[in-house]
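Architecture at a glance
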Amino acid sequence: MALLNFKKKEQSSGVNPQVAAFLQDYSIEVMPRTAEKVENFRDLLPAGTRVYIAHIEGTPIEDMVATAKRLNADGYPVMPHFPARIIKDKATLENWIAMYQGEADVKQALLLAGGVAQPHGDFSDSMQLMDTGLFDKAGFTRLHVAGHPEGNRDIDVDGSMLRVSDALKWKQGFSERTDAKMAIATQFAFEAQPIIEWADSLKAAGIDLPIHIGIAGPAKLQTLIKFAIACGVGPSLKVLQKRAMDVTKLLLPYEPTDVVAQLAAHKAANPDFNIERVHFFPLGGIKTNATWAIENGGASGVPASAS
């Protein structure tokens, strides 16, 4: 299969070398129900690709663990979501950690509040999960936390970024007083300049956690708009709405070429820029996203010491 050739394609005439560099060591997100549709991940993703497993409300923990076990066996370091608001209590959290470690050798996690309005139990945010000390006790080597380049109205209902910024400052402090290796994995957005300004504002505020920027993979425009609205994507949604008004582009699939190229150019011109990796949301399918990444020069496989 053509996708089994994971050599970098910088030599190809159509590949932007800045984009190829920016896409190195990208990660990707799956859900148990989407992973079930993939016959063989090795046909799509290079060994060593970090795979996040999204935990949507109503998904049994057994399905999450089974997906993690499968991916780990195939050579992919897995990073399951731990959404605070669907975890009943400390005992449940401890049980989930034990299941992931016992069956899938999980050593890293994405901690987030979760998209439900009302907590199911004792936890309402990721900071409370971190404060339990259970991840440190279990020997987790890496904890990622959520970032929102365009804010999050579930947290800051007034449209500001006050509470999300305060939360990131707290997490910065947590990283400084513990041995946890941390990074910020963000919601996706479609416009580069606001992302750049947000990342710069974090650095100015003393938050130096590496940023793994969320990028929506290729998808039908209608699909992308639906997910963007559901996920609370903010001002950059206008990029999609403008495209939808262009009849010549309405039926063409969206690809993240422009936003990735602009971020890559900024990174090339500013090597200290705090966005260090790309994290893909494969809204148009895992195969479609993986193919786009490889065709644009990206290669994955995250070194053990990498952010």
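Residues numbered from 1 in each chain as written. Predicted model: local features only at pLDDT ≥ 70, side-chain atom pairs only at ≥ 80, totals over all residues. Heavy atoms only, no water.

1. A short note on the packing of aromatic side chains
For any pair of aromatic rings, geometry is given as the distance between the ring centres together with the angle between the planes. Summed over the entire model, instances satisfying the criterion amount to 11 aromatic pairs. Arranged with centres 6.4 Å apart and planes meeting at 65°, the rings of Phe-41 and Tyr-76 form a pair that is edge-to-face. Of this pair, Phe-41 sits in the loop between α2 (32-35) and β2 (51-53) while Tyr-76 sits in the loop between α3 (61-73) and β3 (78-83), and the two are 35 residues apart along the sequence. The exposure class of Phe-41 is buried, given its relative accessible area of 0%. (Phe/Tyr/Trp six-rings, centres within 6.5 Å; stacked < 30°, edge-to-face > 60°. Helix = DSSP H or I, 4+ residues; strand = E, 2+ residues; numbered from the N terminus. Buried < 20%, exposed > 50% of the residue type's maximum accessible area, 1.4 Å probe, protein only.)

2. Structural notes on the pattern of salt bridges
One pass over the structure, following the stated rule, counts four salt bridges. The salt bridge involving Lys-137 is made with Glu-94; its shortest N-O contact spans 3.8 Å. Of this pair, Lys-137 sits in helix α6 (residues 134-137) while Glu-94 sits in helix α4 (residues 90-104), placing them 43 residues apart in sequence. (Salt bridge = Lys/Arg side-chain N within 4 Å of Asp/Glu carboxyl O.)

3. Side note on the sheet that holds β2
Strand order in the closed barrel made by the eight strands is β1-β2-β3-β4-β5-β6-β7-β8, with parallel pairing throughout. Between one strand axis and the next, the sheet turns through 30° on average, direction left out of account. By the bridge criterion, six bridges tie strand β5 (residues 142-147) to strand β6 (residues 181-188) in an arrangement that is parallel. From the neighbouring strand, Val-145 faces β6, where its bridge partner is Ile-184. Contacting β1 (27-30), β2 and β3, α3 runs over the sheet at an angle of about 170° to β2. (Pairing = 2+ DSSP bridges. Axes fitted to C-alpha atoms, helices over the stretch in contact; angles between N-to-C directions. Contact = heavy atoms within 4.5 Å.)

4. Details of a negative patch on the surface
Taken together, the side chains of Glu-36, Glu-62, Asp-63 and Glu-103 define an acidic patch exposed on the protein surface. Along the chain, Glu-36 turns up in the loop between α2 and β2. The class of Glu-36 is exposed, set by a relative accessible area of 65%. (Patch = residues over 30% accessible without salt bridge, like charges linked within 9 Å, V, L, I, M, F, W, Y side chains within 5 Å. Areas by Shrake-Rupley, 256 points an atom, 1.4 Å probe, with all protein chains shown as cover. Lys, Arg positive; Asp, Glu negative; His and termini not counted. Charge placed at Lys NZ, Arg CZ, Asp CG, Glu CD.)

5. Looking at the confidence of the model for the chain
On average, residues of the chain score 87 in pLDDT, and 82% of them are at 70 or above. Here residues 1-12 is a poorly scored stretch, pLDDT under 50, and it has 23 contacts once near neighbours within four places are set aside; other chains count. (pLDDT = per-residue confidence, 0-100.)

6. Let's talk about the pairing of strand β4 (residues 108-112)
Across the five residues of β4, five count as buried, placing the element largely inside the fold. Across three bridges, β3 lies against β4 in parallel orientation. What sits directly across from Pro-83, in β4, is Leu-112. Running through α4, the crossover from β3 to the neighbouring parallel element β4 is right-handed. In the sheet, β4 pairs with β5 via four bridges, with the strands oriented parallel. Residue Gln-108 lies in a different strand from β5, and its bridge partner there is Arg-142. (Right-handed = clockwise from strand over helix to strand, strands pointing away.)

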